[in-house]
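If you want the building blocks of each chain, they are given just below.
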Amino acid sequence: MYGFEAMTFNIHGGYLEAIVRGYRSGLLTAADYNNLCQCETLDDIKMHLSATEYGPYLQNEPSPLHTTTIVEKCTLKLVDEYKHMLTQATEPLSTFLEYITYGHMIDNVVLIVTGTLHERDVQELLEKCHPLGMFDSIATLAVAQNMRELYRLVLVDTPLAPYFSECITSEDLDDMNIEIMRNTLYKAYLEDFYRFCQKLGGATAEIMSDLLAFEADRRAVNITINSIGTELTRDDRRKLYSNFGLLYPYGHEELAVCEDIDQVRAAMEKYPPYQTIFSKLSYGESQILDKAFYEEEVKRLCLAFEQQFHYGVFFAYMRLREQEIRNLMWISECVAQNQKSRVHDSVVFIF
Amino acid sequence: MVTSSSSWSQALVQISPYTFSAVGIAISIGVSVLGTAWGIYITGSSLIGAAIKAPRITSKNLISVIFCEAVAIYGVIVAIILQTKLESVPSSRMHDPESMRAGYAIFASGIIVGFANLVCGLCVGIIGSSCALSDAQNSSLFVKILVIEIFGSALGLFGVIVGIIMSAQATWPTKA
């Protein structure tokens, strides 16, 4: 019953909710980002980060540092925290936490398949995979020649199996098909996650619906913009849009026929939340669209913490950490390549 | 003329007033303790989780647990008071209006105290949980949220006051 979660939530979820709120207090603040943006070298960044919670993870790294090492160690911290929560969770929270990682699994699968297509070594690809999306038998993905084999050999035992029903074809894997496969899988994953949250009901359903709807809409816009000028037909494009969210179904109809960015903008400006995003862009500019979407996402994720006794805080925390790692990667890259003037182009402050 | 619908009232009136009194005393202590336990686990689980990151909150936030515990003490006190009001009445006078009144008074007193303490314990527990989580992030919030808890714990006190007033009505008939 919505409104009475407070009476029974803490039986199973109270301890972990308090822990995740404690983790949230360790996110980097605007002051930390300002310090980091002033750094001259990667060693300065390491020194500043050792004063934050990333200290124990970075202190044993020898100089000279690489940006990939910094990002890897920070991701390791996120993985440790996630595993700490997952091992102590009971149903349905444990299923919820596992759902959060399926997106990374999809990304890892696509990474390995693409890398194999371009004749890269499997070990090298495995090192680049996101640790949250690892599963056993991921290395056997390199053996598959087409999607049917991919499914039969590897993916039928993973949690991604039910998402494959829409994209099993006998076509060989090439770049275009892999991108379509990625988006089809992600669409099925988002819809499945949405249904799961609706089944949980209460505050979790309400808050997660909003966050997932924003994710679905953002992906729809990105798919549209990325497929302008490619050979993806309109029907194929429409098949990649999720069947929930603010844009469903009329916005999807309009987006499917867009041929350039201005038409996309015209379609999106009918929806007040997205109108504010698109109004920040002047005509013809799409680089800062990504940053605008990230800012809007961070704002909504922070709002999820305003309410107690629901599972949305776990999802929000994981996403905010990922945003922080993206920020750190951008700052490290700018510092390493001596482009400090561009640092503020892509850093999204969380508080 | 006794109609079929009045057979229920006949049945209720035949129940001994001591049954009602006993059930009242049981509800007074049983349901109060239910409210206390509910409140303590709601507060306690959040408090323990939050104290990992912010150990300084543990000693201050035990006040929330103490407020919940006070609710159980109210239940025990009223149960003890009520059981002192029980007196023996000869069986010829057991269904006199006066003894029925005494039995009902003890029953009502027990229900009042029990359910008031149930919701009070729940209320204080939920507020205590939010208090622990907010205190972990910003220590200036603690005292302000404590004021809300004090208002919440007043609910149990109201129940106890009315319960004790009701139990004063429980005068059994003396031997004629």
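Within every chain, residues take consecutive numbers counted from 1 along the sequence as written. Following the order in which they are written, the chains are lettered starting with A and the ligands numbered starting with 1. For this predicted model, a pLDDT threshold of at least 70 governs which residues receive local features, and a threshold of 80 or more governs which side-chain atom pairs are given and counted, while totals over whole chains, interfaces and linings are taken from all residues. Hydrogens and waters are ignored; side-chain quantities use all the structure's heavy atoms.

- Under the annotation held in an unreviewed UniProt entry, chain B carries the name V-ATPase proteolipid subunit C-like domain-containing protein and is attributed to Rehmannia glutinosa.
- UniProt positions are given in the numbering used here, feature names are shortened, and annotations may be inferred rather than shown by experiment. Per UniProt, the comment on chain B under Subcellular location (unreviewed entry) is "Membrane".

- Naming follows an unreviewed UniProt entry, where chain A appears as V-type proton ATPase subunit of Rehmannia glutinosa.
- Listed under Subunit (unreviewed entry) in UniProt, the entry text for chain A is "V-ATPase is a heteromultimeric enzyme made up of two complexes: the ATP-hydrolytic V1 complex and the proton translocation V0 complex."

### Concerning the overall build of chain B
- Runs of H or I in DSSP of at least four residues are treated as helices and runs of E of at least two as strands, each being numbered from the N terminus. Along the backbone of chain B there are five helices and zero strands.
- Counting helices and strands in the order they occur from the N terminus, chain B gives α-α-α-α-α.
- Every radius of gyration here is taken over C-alpha atoms, with the globule rule written as 2.2 Å times N^0.38, N being the number of residues. What you see for chain B is a C-alpha radius of gyration of 21 Å, clearly larger than the 16 Å of a compact globule of 176 residues, by over 25%.
- The C-alpha extent of chain B, read off along each of the three principal axes, is 70 × 35 × 20 Å.
- The buried share among the 176 residues of chain B stands at 43%.
- A contact between two residues is defined here by any heavy atoms of the two lying within 4.5 Å. Across chain B, contacts joining residues at least 24 apart in sequence account for 88% of those joining residues at least 6 apart. Relative accessibility thresholds used throughout: buried, under 20% of the residue-type maximum; exposed, over 50%; partly exposed, between the two (1.4 Å probe, protein chains only).

### A short note on the packing of aromatic side chains
Residues and elements named next belong to chain A.
- Side-chain rings of Phe, Tyr and Trp, where Trp is taken by its six-membered ring, are said to pair if the distance between their centres is within 6.5 Å; with planes under 30 degrees apart they count as stacked, over 60 as edge-to-face, and otherwise as tilted. In this structure the tally under the stated criterion is 23 aromatic pairs over all chains.
- For the pair Tyr-33 and Phe-349, a centre-to-centre distance of 5.6 Å together with 15° between the ring planes defines the contact as stacked. Of this pair, Tyr-33 sits in helix 3 (residues 30–37) while Phe-349 sits in the segment after helix 17 (312–336), placing them 316 residues apart in sequence.
- Taking relative accessible area as the criterion, Phe-349 reaches 35% and is therefore assigned partly exposed.
- A ring is considered to have a charge above it if a Lys NZ or an Arg CZ atom is located within 6 Å of its centre and within 35 degrees of its normal. Between the NZ or CZ atom of Arg-24 and the centre of the ring of Phe-305, over which it lies, the distance is 4.8 Å.
- Directly above the aromatic system of Tyr-186 lies the positively charged group of Arg-219, at a separation of 3.7 Å from the ring centroid.

### Re the pattern of salt bridges
- Any Lys or Arg side-chain nitrogen located within 4 Å of an Asp or Glu carboxyl oxygen qualifies as a salt bridge. Tallied over the full model, the rule gives 28 salt bridges over all chains.
- Two residues, Glu215(A) and Arg319(A), come together in a salt bridge whose shortest N-O distance is 2.9 Å. One end of the pair, Glu215(A), is in helix 11 (residues 202–227); the other, Arg319(A), is in helix 17, with 104 residues separating them in the sequence. We note that Glu215(A), like Arg319(A), is buried.
- Among the salt bridges present, the one from Glu297(A) reaches Arg218(A), with a minimum N-O distance of 3.3 Å. One end of the pair, Glu297(A), is in helix 16 (residues 287–304); the other, Arg218(A), is in helix 11, with 79 residues separating them in the sequence. The two residues Glu297(A) and Arg218(A) agree in class, both being buried.
- Salt bridges linked by common partners bring Glu53(A), Lys77(A), Glu81(A), Arg321(A), Glu324(A) and Lys53(B) together as one network.

### Things to note about the confidence of the model for chain B
- The predictor rates its confidence in each residue with pLDDT, a number between 0 and 100. In the predicted model, chain B carries a mean pLDDT of 92, and the fraction of residues at 70 or more is 97%.
- The ipTM for the predicted assembly is 0.88, set against a pTM of 0.92.

### A short note on the UniProt feature "domain: V-ATPase proteolipid subunit C-like" (unreviewed entry) in chain B
Residues and elements named next belong to chain B.
- The sites that UniProt annotates as "domain: V-ATPase proteolipid subunit C-like" (unreviewed entry) are residues 24–82 and 107–166.
- Helix makes up 95% of residues 24–82 and strand 0%, and the two end C-alpha atoms of the span are 9 Å apart.
- Spanning residues 107–166, this segment combines 95% helix with 0% strand, and its end C-alpha atoms are found 9 Å apart.

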